[in-house]
Amino acid sequence: MQLTTWRLIETPPATGAWNMAVDEVLLESMSLSSVESVLRLYSWNPPCLSIGYAQNVADVDMTRLENFGWELVRRITGGRAILHSDEITYAVIGPHSEPRLGGGVLKSYRRLSEALLAALIKIGLPAQALPHPKGESSDSSEQERICFEQPSNYEITVDGKKLIGSAQARKNTGVLQHGTLPLYGDLTRITQVLKFKDEEERAFGAQRLLSRATTVERVLNQSVNLELSAKAFVEAFSETLNLDLKPSTLTNEELTRAEELVNEKYALPAWTKRI
């Protein structure tokens, strides 16, 4: 693919509602022919449980979530619950005319997985991006309410354990794919804020999750900070997808629209608890 300029937007840690609002604002802007595609890198503060567009909020134990002081937000992308903490999150946003996002969900997933895989190799991880075995589904069990329990097509794994969880939305305005790389921390914390029949089932859920997912720290036996991870993402996307990533900030118009979406959508129970 020919060299193409994208915006590189790195935003400081923010609330779940604001992070999701910004991703949607950037997706909305892709309807304008003059707007460049975006690679956005960000993180979350405080920790936030995000649920997929069609996931039932009944999966969430609201009392436990509030006791931990964690937030809840619903994404516009599909998939299952993710607890966002101790991680780097990426978002790729572009118009349908961007060839790197063309060919439908599977082809674009595979193309972007090449860049994600290159980023992890730069960090020192022996990662793979493999097709998901035909006939298996992340929805095959009632217990699979957690994104990291099952890899999908061309998602990133190390020794069979999922390392990056991604989800994609294709709207009239363009394409959004975002995903998360857990850098360190206890992956099983998510089981503390989901509903289980009893504590025995909760403990089994935590054990099951650790058998299927991992973090950068667990693989390398050492911590990797956010700055180093972001640098690896930028270099890998630039080299793998032949991009000129131009550092950028959100415009005043984008910031204003993001605040509108926070107040009108992402911070409201009418959106978060609609299913």
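Just so we're clear, the structure is a prediction, and the values are computed from it rather than from any experiment.

This part is about the side chain of Thr11. Mapped onto the fold, Thr11 is located in the loop between β1 (4-10) and α1 (16-28). Not counting residues up to four positions away in its chain, the partners in contact with Thr11 are Trp18, Arg40, Leu41, Tyr42, Ser43 and Leu250.

The next subject is the sheet that holds strand β6 (residues 87-94). Strand pairing within a sheet occurs via backbone hydrogen bonds; the two strands may be parallel or antiparallel. What the 6 strands build is an open sheet, ordered β10-β11-β6-β2-β1-β12; its pairing is mixed. This sheet does not close on itself; its edge strands, each paired only once, are β10 (165-170) and β12 (243-248). Across this sheet, the average inter-strand angle for adjacent strands is 20°, counted without regard to direction. Note that β1 and β12 share 6 bridges and pair parallel. Bridge pairing links Thr5 to Asp244 in β12. Each of β1, β2 (38-42), β6 and β11 (175-182) touches α1; the most contacted strand, β2, lies at about 175° to it. Set on the sheet, helix α6 (residues 226-240) makes contact with β1, β2, β6, β11 and β12; between it and β6 the angle comes to about 30°.

What follows covers the packing of helix α3 (residues 104-123) against α6. Between α3 and α6, the least distance of the axes is 8 Å, while the angle of their chain directions is 135°. Here α6 runs oblique to α3, going by the angle between their axes. Both α3 and α6 take part in a crossing whose hand is right-handed. Residues Leu112, Glu114, Ala115, Leu116, Ala118, Ala119, Lys122 and Ile123 of α3 lie in contact with α6, whose contacting residues are Ser229, Ala232, Phe233, Glu235, Ala236, Phe237, Glu239 and Thr240. Its residues assigned to classes, the contact of α3 with α6 comprises 10 nonpolar, 2 polar and 4 charged.

Along any regular strand the residues' side chains alternate between the sheet's two faces. Across the 8 residues of β6, 8 count as buried, placing the element largely inside the fold. Burial along β6 is two-sided: Glu87, Thr89, Ala91 and Ile93 and Ile88, Tyr90, Val92 and Gly94, pointing in opposite directions, are all buried. Examined bridge by bridge, β6 and β11 share 8 bridges and lie antiparallel to one another. Each residue of the ladder has a partner; that of Ile93, found in β11, is Leu176.

On to α3. In this model α3 runs 29 Å from its N-terminal to its C-terminal C-alpha over 20 residues, within 8% of the 28 Å that 1.5 Å per residue would give. Taken together, the buried positions of α3 are Ser108, Tyr109, Arg111, Leu112, Ser113, Ala115, Leu116, Leu117, Ala118, Ala119, Leu120 and Ile123. The first or second residue beyond α3 is Gly124, which carries a positive phi of 105°.

The next subject is the confidence of the model for the protein chain. For the protein chain, the mean per-residue pLDDT works out to 90, and 91% of the residues sit at or above 70. Here residues 134-143 scores under 50 on pLDDT; set against residues more than four positions off or in separate chains, the count is 12 contacts.

What follows is about the nonpolar core. The biggest cluster of nonpolar side chains holds 37 residues, and the ones touching the most others in it are Leu39, Leu41, Leu120, Ile123, Leu181, Phe233 and Phe237. If one sorts the elements of this core by residue count, α3 sits on top with 8 residues. When sequence neighbours within four positions are dropped, the list of residues in contact with Phe237 reads Leu39, Val92, Leu112, Ala115, Leu116, Asn242, Leu243 and Leu245. Counting 26 residues, the second largest nonpolar core, distinct from the first, contains Trp18, Val22, Trp44 and Trp271.

Quick look at the environment of Leu210 now. Secondary-structure assignment places Leu210 in helix α4 (residues 199-212). When its relative accessible area of 26% is taken as the criterion, Leu210 is described as partly exposed. For the pair Leu210 and Lys161, spaced 49 residues apart in the sequence, the C-alpha separation amounts to 8.5 Å. The contact partners of Leu210, leaving out residues within four places of it in the chain, are Lys161, Leu187, Thr188 and Arg218.

A separate point is the pattern of salt bridges. What the rule picks out here adds up to 14 salt bridges. When the shortest N-O distance is used, the salt bridge between Arg7 and Glu254 registers 2.9 Å. Residue Arg7 is located in strand β1, and its partner Glu254 is located in helix α7 (residues 252-266); the two are separated by 247 residues in the primary sequence. Pair check on accessibility: Arg7 and Glu254 agree, each one buried. In this structure, Arg257 engages Glu260 in a salt bridge whose closest nitrogen and oxygen atoms are separated by 3.2 Å. Of this pair, Arg257 and Glu260 are both found in helix α7, 3 residues apart, which corresponds to roughly one turn of the helix. Under the relative-accessibility criterion, Arg257 is labelled partly exposed at 25%.

Quick notes on the rules
- Residues numbered from 1 in each chain as written.
- Predicted model: local features only at pLDDT ≥ 70, side-chain atom pairs only at ≥ 80, totals over all residues.
- Heavy atoms only, no water.
- Helix = DSSP H or I, 4+ residues; strand = E, 2+ residues; numbered from the N terminus.
- Contact = heavy atoms within 4.5 Å.
- Pairing = 2+ DSSP bridges.
- Axes fitted to C-alpha atoms, helices over the stretch in contact; angles between N-to-C directions.
- Parallel < 35°, antiparallel > 145°, perpendicular 65-115°, else oblique.
- Left-handed = near helix turned anticlockwise from the far one by under 90°.
- Nonpolar A, V, L, I, M, F, W, Y, C, P; charged D, E, K, R; others polar.
- Buried < 20%, exposed > 50% of the residue type's maximum accessible area, 1.4 Å probe, protein only.
- Expected span 1.5 Å × (residues − 1).
- pLDDT = per-residue confidence, 0-100.
- Core = buried A, V, L, I, M, F, W, Y, C linked by side-chain atoms within 4.5 Å.
- Salt bridge = Lys/Arg side-chain N within 4 Å of Asp/Glu carboxyl O.

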